[in-house]
Amino acid sequence: MATEIASSQIIHVAGFAGDAHFQKTANIAAALEHLVGSKKLRVRIIEHASAEEFSKWAQEKIGQLNSRGITVDPTVSPLCYNDNNEYLGAAEDAIQYFRATFLSRSSSNSSVLAPFNPDLVQQEGSGTKSNKEPEYDYDLIVIGGGSGGLACAKQASKLGAKVAICDFVKPSPLGTKWGLGGTCVNVGCIPKKLMHTAALLRESMEDYKAYGWTLGDEKSLPKVVDWPIMVQNVQNHIKSLNFKYRVELREKEVKYEKKLASFTDDPHTVEMKDKNGNVTQATARRIVVAVGGRPTPISCEGGELALSSDDIFSLKTSPGKTLVVGASYIALECAGFLAGCGFDVTVMVRSILLRGFDRDCCERIGKDLEEKGVKFIYGCVPSSIKADGDSKVVTWVHSNSKDCKEPSSPGSDTFTTVLGAIGRTADTHLLNIEKVGLKINPRNKKLICENEQTNISHIYAIGDVVDGRPELTPVAIQAGKLLAKRIYEPGFTRQMDYHHVATTVFTPLEYGTIGFSEEEAIEKYGSDNVEVYHRVFAPLEWNLPKHRPDNLCYAKLICDKNDGERVVGFHYCGPNAGEVTQGWSLAMKCGATYDDFWNTVGIHPTISEEFTILSVTKSSGESAEGGSC
Ligand SMILES: Cc1cc2nc3c(=O)[nH]c(=O)nc-3n(C[C@H](O)[C@H](O)[C@H](O)COP(=O)(O)OP(=O)(O)OC[C@H]3O[C@@H](n4cnc5c(N)ncnc54)[C@H](O)[C@@H]3O)c2cc1C
Ligand SMILES: NC(=O)c1ccc[n+]([C@@H]2O[C@H](COP(=O)([O-])OP(=O)(O)OC[C@H]3O[C@@H](n4cnc5c(N)ncnc54)[C@H](OP(=O)(O)O)[C@@H]3O)[C@@H](O)[C@H]2O)c1
């Protein structure tokens, strides 16, 4: 994309006579000056008689250059820099920079259009002595068209890179397939939130009467959702999103390859296989791996009879009596919406609910699910699943988890559906990563990266496939956009900030959280150095209907006493948790203290204002029950 420059830039191209790379770079720079006019660009060619002379000169010059800590090799010709003594790269990289900065997309050959960040290119080691950078089919190939891959590909293309994206959905073991957009859109956040909404609507139906609406006889209120209609409508919406993504790629000039990509013996060549087994290859200067993850299968006897989150959102027939195995985000969200939609649900918990989250909040979520009819089998794992006609007979045994204080009895029961939600495994197994020697964490098959860069310097990774990073859509999107900008936007250096990313668990009692749980804060700072402000309350809207509890919602701020009561943990259980938490996440990013929260004038009457009036500390032992306004 052309960068408008306000006034003339002076670019210096230095090299030695007889060096073809220097001659080519100098010729292109001179031609560009002629093309765009000397009001925009002036070129200074510095030709040395020999390689030795150039090298001696370059050694001195490099000392004056702003190379931002990068080692620039004085033997590499040409050496390009601007009038501010900023190093611009060598040969092909410098040419790309000239074109991206001074030419518009329409007037140039897009295959060499991509601008670059000289810092990054140097770290990748492309300014080699030979300077024989080959021509590639693409500046960038992105493998995986999910949240992160799409964001990265579109951003890179917007910045002038020639980009291809490969996205291929391997059917689930039960044969479920979907379209472009990855997990979030097809089998994750989007269908989950829509079905969660369906479940919440059932709760709201009981509010109507208290607000003066008559929906006929209370007994006539539907007890179970019309599953096929809900699934059909959700799937129609997903298909519209798949279509929108395809159109966006076309508009942004990103080549969409609906093919399974894998690495080859050459680290710049990607092999692509379509659904009919036809194989093609393409080369790229850089590759971004954004293949996400897939549900980890249940490994006990008959584990293949269990569905996963890949199947549940498009299941044609009603799930009926369901056993959910697992106890984290996916398990409890699915258990919540299935129960809310009227199904008989049991959750099998290996150890504890929502490991890693604030225990006060997890207990509330568990209690609320129980009150909504969800049954729990604690401290157990399935030992076998056997088909019995259309049903599944599940037998379970103790998991012997030391974290589970009161395990349930081993036993057996019959279910229509078994849903496995025991975590996700990186989708790297068909990528042939061993061919290029990418480093993975053997436990979860995720790629080991530093600032999204793998151990192979021109291969990057973003999103769920990156080891040690939160598996969340906005994280994948932000990391993808920032990476593309760091590569293709000259001067852009901002790294992805993974610290204290806000998240929400969409259980019936929603839970929004930022930063440390109380347990983590105490472990990090010591119990004497942590202050907890909290309040149990009922939203105003829950006061009229009698079926709503009055002590379920909860607001909690965890503060570091040694840092002016800076808020290091934010926890909220209650309606619209995502909306409430998102705004406060900005405050925490800005380093807000308890006093800043207290000093913020609330919006009345809202739930979010609870965080501006917290005054009871846990250490005081006073009741946190603040009632309602
Ligand atoms: C049930 C569920 C609910 C969720 N809810 C939320 C939520 O509410 N909020 C939230 O923030 N996050 C949520 N997540 C997590 C979120 O979906 C992921 O963090 C996000 O989708 C990760 O994006 P990604 O780009 O890394 O990978 P993905 O979105 O998984 O995309 C990877 C893509 O690469 C493709 N692919 C894989 N291998 C290849 C190959 N070799 N060649 C070509 N293509 C390939 C895959 O088919 C897929 O399309 C949820 C996840 C699940 C499962
Ligand atoms: N709302 C959202 O933003 C949202 C929603 C859904 C998913 N996600 C993302 O998706 C990621 C994956 O979520 P997830 O819930 O699938 O996985 P997870 O967070 O990795 O949790 C896995 C759960 O399965 C249990 N488990 C693991 N192995 C088991 C086994 N062999 N038998 C029985 N139980 C077992 C774990 O129990 P232990 O505690 O005993 O290990 C844990 O409860 C999350 O980290 C999250 O980032 C986000």
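Residues numbered from 1 in each chain as written. Chains lettered and ligands numbered in written order. Predicted model: local features only at pLDDT ≥ 70, side-chain atom pairs only at ≥ 80, totals over all residues.

With respect to the overall build of the protein chain
Scanning the protein chain from terminus to terminus reveals 16 helices and 28 strands. Within the protein chain, the proportion of its 629 residues that are buried is 45%. Long-range pairs, those at least 24 residues apart, make up 67% of the contacts in the protein chain between residues at least 6 apart in sequence. (Helix = DSSP H or I, 4+ residues; strand = E, 2+ residues; numbered from the N terminus. Buried ≥ 20, exposed ≤ 12 C-beta atoms within 10 Å, placed from the backbone. Contact = placed C-beta atoms within 7 Å.)

Focus on the site of ligand 1
Taken together, 38 residues surround ligand 1, and among them Gly 144, Gly 146, Gly 182, Gly 292 and Gly 463 come closest. Among the elements of the structure, α5 (147-158), α6 (182-187), α7 (189-205), β8 (260-263) and α13 (473-488) are those that each provide at least two residues to the shell around ligand 1. In terms of residue count, α6 provides more of the shell around ligand 1 than any other element does, four residues in total. (Near = placed C-beta within 6 Å.)

Some words on the packing of α5 against α13
It is the contact of α5 with α13, at a shortest axis distance of 7 Å, that shows an interaxial angle of 25°. Classified by the angle between their axes, α5 and α13 sit roughly parallel to one another. Our pair here, α5 against α13, has a crossing hand that is right-handed. For the pair α5 and α13, contact is made by Ser 147, Gly 148, Gly 149, Ala 151, Cys 152, Gln 155 and Ala 156 and by Thr 473, Ala 476, Ile 477, Ala 479, Gly 480, Lys 481, Leu 483, Ala 484, Lys 485, Ile 487 and Tyr 488, respectively. (Axes fitted to C-alpha atoms, helices over the stretch in contact; angles between N-to-C directions. Parallel < 35°, antiparallel > 145°, perpendicular 65-115°, else oblique. Left-handed = near helix turned anticlockwise from the far one by under 90°.)

Considerations on the nonpolar core
Counting residues in each nonpolar core, the largest one holds 94 residues, and the members touching the most others are Val 324, Leu 332, Cys 334, Ala 335 and Ile 365. Ranked by residues supplied to this core, first place goes to helix α10 (residues 329-340) with nine residues. Residues within four places of Cys 334 in sequence aside, it is in contact with Ser 309, Ile 312, Val 324, Leu 419 and Ala 421. (Core = buried A, V, L, I, M, F, W, Y, C linked by C-beta atoms within 7 Å.)

Digging into the environment of Ser 527
Structurally, Ser 527 is set in the loop between α14 (518-525) and β25 (530-537). Judged by the 10 C-beta atoms lying within 10 Å of it, Ser 527 falls in the exposed class. Residues Ser 527 and Ser 619, spaced 92 residues apart in sequence, show a C-alpha to C-alpha distance of 10.0 Å.

Points about the domain arrangement of the protein chain
Domain parsing of the protein chain yields domain 1 (9-120), domain 2 (138-295 + 425-488), domain 3 (303-421) and domain 4 (510-627). Inter-centroid distance (C-alpha atoms) of domain 1 to domain 2 is 38 Å. (Domains from an automatic or database assignment.)

Regarding helix α2 (residues 51-64)
Compared with the 20 Å implied by 1.5 Å per residue over 14 residues, the 20 Å span of α2 between its first and last C-alpha is a close match. At Ala 58, α2 shows its maximal bend, which comes to roughly 25°. (Expected span 1.5 Å × (residues − 1). Bend = angle between axes of the 7 residues up to and from the residue.)

Remarks on the site of ligand 2
Residues in contact with ligand 2 amount to 24 residues; listed here are only the nearest, Ser 328, Tyr 329, Ser 351, Gly 423 and Glu 471. Listing elements by their share of the shell around ligand 2, those giving two or more residues are α10 and β23 (503-505). Of the residues that constitute the shell around ligand 2, the class distribution is 12 nonpolar, seven polar and five charged. Lining the shell around ligand 2 are residues from two domains, each supplying at least three of them: domain 2 (138-295 + 425-488) and domain 3 (303-421). (Nonpolar A, V, L, I, M, F, W, Y, C, P; charged D, E, K, R; others polar.)

Some remarks on the sheet that holds strand β17 (residues 411-415)
Backbone-to-backbone hydrogen bonds join strands into a sheet, with any given pair of strands oriented parallel or antiparallel. Taken in spatial order, the three strands of this open sheet run β15-β16-β17, and their pairing is antiparallel. In the strand order of this sheet, the two ends are held by β15 (380-388) and β17, each with one partner. Each strand of the sheet is rotated relative to its neighbour by a mean of 25°, with strand direction disregarded. Taken together, the five bridges between strand β16 (residues 391-398) and β17 define a ladder with antiparallel strand orientation. Note that in β17 the partner of Thr 395 across the bridge is Ser 412. (Pairing = 2+ DSSP bridges.)

Concerning the environment of Leu 472
As for its placement among the helices and strands, Leu 472 is situated in the loop between β22 (459-461) and α13. For Leu 472 and Glu 518, which are 46 residues apart along the polypeptide, the C-alpha to C-alpha distance reads 22 Å. If sequence neighbours within four positions are ignored, Leu 472 has contacts with Val 501 and Thr 503.

A short note on the pairing of strand β1 (residues 9-16)
Here β1 runs beside strand β2 (residues 41-48); their pairing, made up of eight bridges, is parallel. Pairing of Ile 11 across the sheet is with Val 43, part of β2. One crossover worth recording links β1 to the parallel β2 by way of helix α1 (residues 20-36), and it is right-handed. When β1 meets strand β3 (residues 79-82), the two strands line up antiparallel, connected through four bridges. Among the inter-strand pairings, Ala 14 is bridged to a residue of β3, identified as Leu 79. (Right-handed = clockwise from strand over helix to strand, strands pointing away.)

Overview of the sheet that holds strand β12 (residues 322-325)
Judged by pairing direction, the sheet is parallel, and its four strands sit side by side in the order β14-β13-β12-β18 without closing on themselves. Pairing within the sheet leaves two strands with one partner each, and these edge strands are β14 (375-378) and β18 (417-420). Averaged over all adjacent pairs, the angle separating strand axes in this sheet is 20°, with direction ignored. Where strand β13 (residues 345-349) and β14 come together, four bridges link them in parallel fashion. In the strand pairing of β14, Val 349 is matched with Tyr 378. Contacting β12, β13 and β18, α10 crosses the sheet at an angle of about 165° to β13.

With respect to the confidence of the model for the protein chain
Per-residue confidence for the protein chain gives a mean pLDDT of 91, with 93% of residues at or over 70. Confidence drops under a pLDDT of 50 for residues 1-6, and excluding neighbours within four residues, the segment shows nine contacts in the predicted structure. Considering only residues more than four positions removed or in separate chains, one finds that residues 104-115, a stretch of pLDDT under 50, has 34 contacts. (pLDDT = per-residue confidence, 0-100.)

Structural notes on helix α11 (residues 359-371)
With 13 residues, α11 should reach 18 Å at 1.5 Å per residue; the first-to-last C-alpha distance of 18 Å fits that figure. For α11, the set of buried residues is Cys 361, Cys 362, Arg 364, Ile 365, Gly 366 and Leu 369. Tucked into the core, α11 has its buried residues touching α10, β24 (511-515), β26 (553-560) and β27 (566-573). Backbone geometry just after α11 places Gly 373 at a positive phi near 100°.

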